[in-house]
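This is what each chain is made of:
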Amino acid sequence: MKSIKLVTIGGGSSYTPELVEGMILRQSKLQISEWWFVDVELGQDKLTTIVELAKRMVKKAGLNWQIYGTLNRREALKDADFVTSQFRVGQLDARILDESIPLKYGMLGQETNGAGGIFKAFRTIEAYKPIIEDMKELCPDAWLINFTNPAGIVTEALINRLGWGKTIGVCNIPIGQQKAAAEVLDLDDKQLMLRHVGLNHFHFHEVWDQDGHNRTDEVIEKLYGTEREDKVKGVKNITSLDFPIELLRSLHLLPCDYHRYLFIETEMLEDSIQQFKEGTARGEQVKKIEEELFAVYRNPHTDEKPKQLELRGGAYYSDIACQLIVAIVNDTHEQFTVSTVNRGVIDYLPKDCVVEISTIITANGPIPLAVPTVSPFVKGYLQMMKQMELLTVEAAMTGSYDLALQAFMIHPLIVNDARTQVVLNELLLAHESYLPQFHDSIEKIKIKEQKHD
């Protein structure tokens, strides 16, 4: 069995115990010689806690994996075979700013959508620049499994602008969709095949059973229509307001939970503003959950992933990363929905852009599968959202204020009026310490504000 060196960037994340559990469960398919957990100085305490918990979990499993924690990224990356990424630049305080500043002006504030999502991409892509430079020098053959959000935009930057072709973007939404479809059809999820088309957090899918029958319309009714069963829940970080069922019926495609922000925009915005006013916005909730989780993690008797982690949201993220690594190492040709290069499979999007689609995973990476046929409605939305992503990436890479403004203007969840630049400028100032590429623009904003004062 091949032995690998694994590195986790953002090792102090509250998700990490799920990653450790996932690897332990796959010990018969994968041998780990070294596992390095890396974080920044701000995350030192969390990193120490996670590393000690990981050691206890590995010891309980009777494994001899060598576990290390470090703030020295270069020390960890040397000769790595796989690098997983789950970091949050600015931690949860930055997320709260992403949510609260747009909401203050009456537009959506969300971790991966709208203005907040664009700024999370700006910070993350900037942080990735030195990481990739180190990887090119120290582990040029490593696979990078990215589940740092917004995963699709970040993966686009990693592959097409930072030049790390061996990158796979991962999201937990597709596996949750498979489990939901299986539940309402009363089948095992392995008896179904989902076929995805689109972008991360903006994809559509069909459901097929093992007999080759398209069950999509049936699942639409059972999840959102006349046969809806309340036992099936959506993702934890999105309020499960009702989709416009006639739209779904007309498309013959199942939506992503995040489509609610576009398809019932007014209702979702009102819900987000209400949560913000009550102090229960998602970032604030997660902050409290993480405090509780780390109290459990610090307990020297904790030697397994605690049940409370399920409240954190993002279930299956880490598990998918583990499955992907096993699939690549063992060349299993399993099907996964991931963010990867289009290769022309979606012919109405740029040939080499990053999309989220169903693929077969091989030792050489993902091979895209044919995608469902879609209506002009879906094509139009995907083309607009992809151009927004490309503008966001280019703005992040160059620090161009003009491109950042264009990304804002084309995003359907950002209001185009006098507030647009107000929100853009306020977010630039709020995240200044993490956005050196925008230094000149930020200085101009400061000078302009001083003149107004």
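The structure displayed is predicted, hence computed values, not measured ones.

Chemist: Looking at this model, I keep getting lost on the pairing of strand E7 (residues 192-199). Mind explaining?
Modeler: Within a regular strand, side chains alternate between the sheet's two faces. Within E7, seven of the eight residues are buried, leaving the element largely enclosed by the surrounding structure. Looking at chain direction, E7 and strand E8 (residues 202-209) are connected through eight bridges and run antiparallel. Each bridged residue has a counterpart across the sheet, and for arginine 195 the counterpart in E8 is glutamate 206. What sits between the antiparallel neighbours E7 and E8 is a turn of two residues, in which histidine 201 has the positive phi angle 60°.

Chemist: How should I be thinking about the UniProt feature "binding site: substrate" (unreviewed entry) in the chain in this particular structure?
Modeler: Here, UniProt's "binding site: substrate" (unreviewed entry) annotation points to Arg95 and Asn149. These residues run over 55 residues, yet every pair of their C-alpha atoms falls within 11.1 Å of each other. Residue placement: arginine 95 occurs in helix H4 (residues 91-104). On the basis of relative accessibility, which here comes to 4%, the residue arginine 95 falls in the buried class. Locating asparagine 149 in the fold gives a position in the loop between strand E5 (143-146) and helix H6 (151-160).

Chemist: It is not clear to me how a nonpolar patch on the surface should be interpreted in this structure. Could you clarify?
Modeler: Residues Val40, Leu42 and Tyr434 make up a contiguous nonpolar surface patch of roughly 290 Å² in combined accessible area. In this fold, leucine 42 is placed in the loop between strand E2 (31-38) and helix H2 (44-60).

Chemist: Honestly, the layout of surface pockets in this entry has me stumped. Any pointers?
Modeler: The gaps of empty space that remain are located by a probe, the size of a water molecule, rolled over the atoms. Reported here for the second largest pocket is a volume of approximately 710 Å³. What lines the second largest pocket is a set of 26 residues, and nearest its centre among them are Ile175, Gln323, Glu334, Gln335 and Phe336. Where the lining of the second largest pocket is concerned, the elements lending two or more residues are helix H7 (173-185), E7, E8, helix H13 (317-330) and strand E9 (334-341).

Chemist: Just checking my understanding: could you explain empty space enclosed by the protein for this structure?
Modeler: In total, this model carries one cavity of 30 Å³ or more according to the counting rule given. Approximately 140 Å³ is the volume attributed to the largest cavity. For the largest cavity, the lining is made up of 16 residues, of which Thr112, Ile153, Asn200, Met388 and Glu389 are closest to its centre. Contributing elements (two or more residues each) for the lining of the largest cavity: helix H5 (114-138), H6 and helix H14 (376-398). A breakdown of the residues in the lining of the largest cavity according to their chemical character gives seven nonpolar, eight polar and one charged.

Chemist: Where do I start with the packing of aromatic side chains in this structure?
Modeler: Aromatic ring pairs are reported here in terms of the distance separating the ring centres and the angle at which the planes meet. In total, this model carries 16 aromatic pairs according to the counting rule given. With a centroid separation of 6.3 Å and 45° between ring planes, the pair formed by tyrosine 258 and tyrosine 261 is classed as tilted. We note that tyrosine 258, like tyrosine 261, is buried. Members of the aromatic cluster, each reached through a chain of ring pairs, are Phe202, Phe204, Phe263, Phe377 and Tyr381.

Rules behind the numbers
Numbers given for residues are sequential positions, taken from 1 along each chain in its written order. Side-chain atom pairs in this predicted model are given and counted only at pLDDT of 80 or more, local residue features only at pLDDT of at least 70, and totals for whole chains, interfaces and linings cover all residues. By convention in this description, side-chain values take in all heavy atoms of the structure and omit both hydrogens and water. Each residue's exposure class comes from its accessible area (1.4 Å probe, protein chains only) as a fraction of the maximum for that residue type: buried when under 20%, exposed when over 50%, partly exposed otherwise. Every helix listed is a DSSP run of H or I at least four residues long, and every strand listed is a run of E at least two residues long, numbered separately from the N terminus. Two strands pair under a simple rule: DSSP has to find at least two bridges between them. UniProt positions are given in the numbering used here, feature names are shortened, and annotations may be inferred rather than shown by experiment. Distance thresholds for patches are 9 Å for like charges and 5 Å for nonpolar side chains (Val, Leu, Ile, Met, Phe, Trp, Tyr), applied to residues having over 30% relative accessible area and no salt bridge. Using the Shrake-Rupley algorithm and a 1.4 Å probe, accessible areas are obtained, with residue cover drawn only from the displayed protein chains. For this document, the term salt bridge refers to a Lys or Arg side-chain nitrogen within 4 Å of an Asp or Glu carboxyl oxygen. Two kinds of site are reported from a 1 Å grid over the protein atoms alone, namely cavities, where a 1.4 Å probe fits but cannot get out, and pockets, open sets with protein on both sides within 12 Å along at least five of seven lines, and residues are called lining when an atom falls within 4 Å of a point. Grid points are joined across faces, edges and corners, and a volume is the space filled by probe spheres set on the points. Residues are grouped as follows: Ala, Val, Leu, Ile, Met, Phe, Trp, Tyr, Cys and Pro are nonpolar; Asp, Glu, Lys and Arg are charged; all remaining types, including Gly, are polar. Working definition: rings of Phe, Tyr and Trp (its six-membered ring) pair if their centres are within 6.5 Å, and the pair is stacked with planes under 30 degrees apart, edge-to-face with planes over 60 apart, and tilted otherwise.

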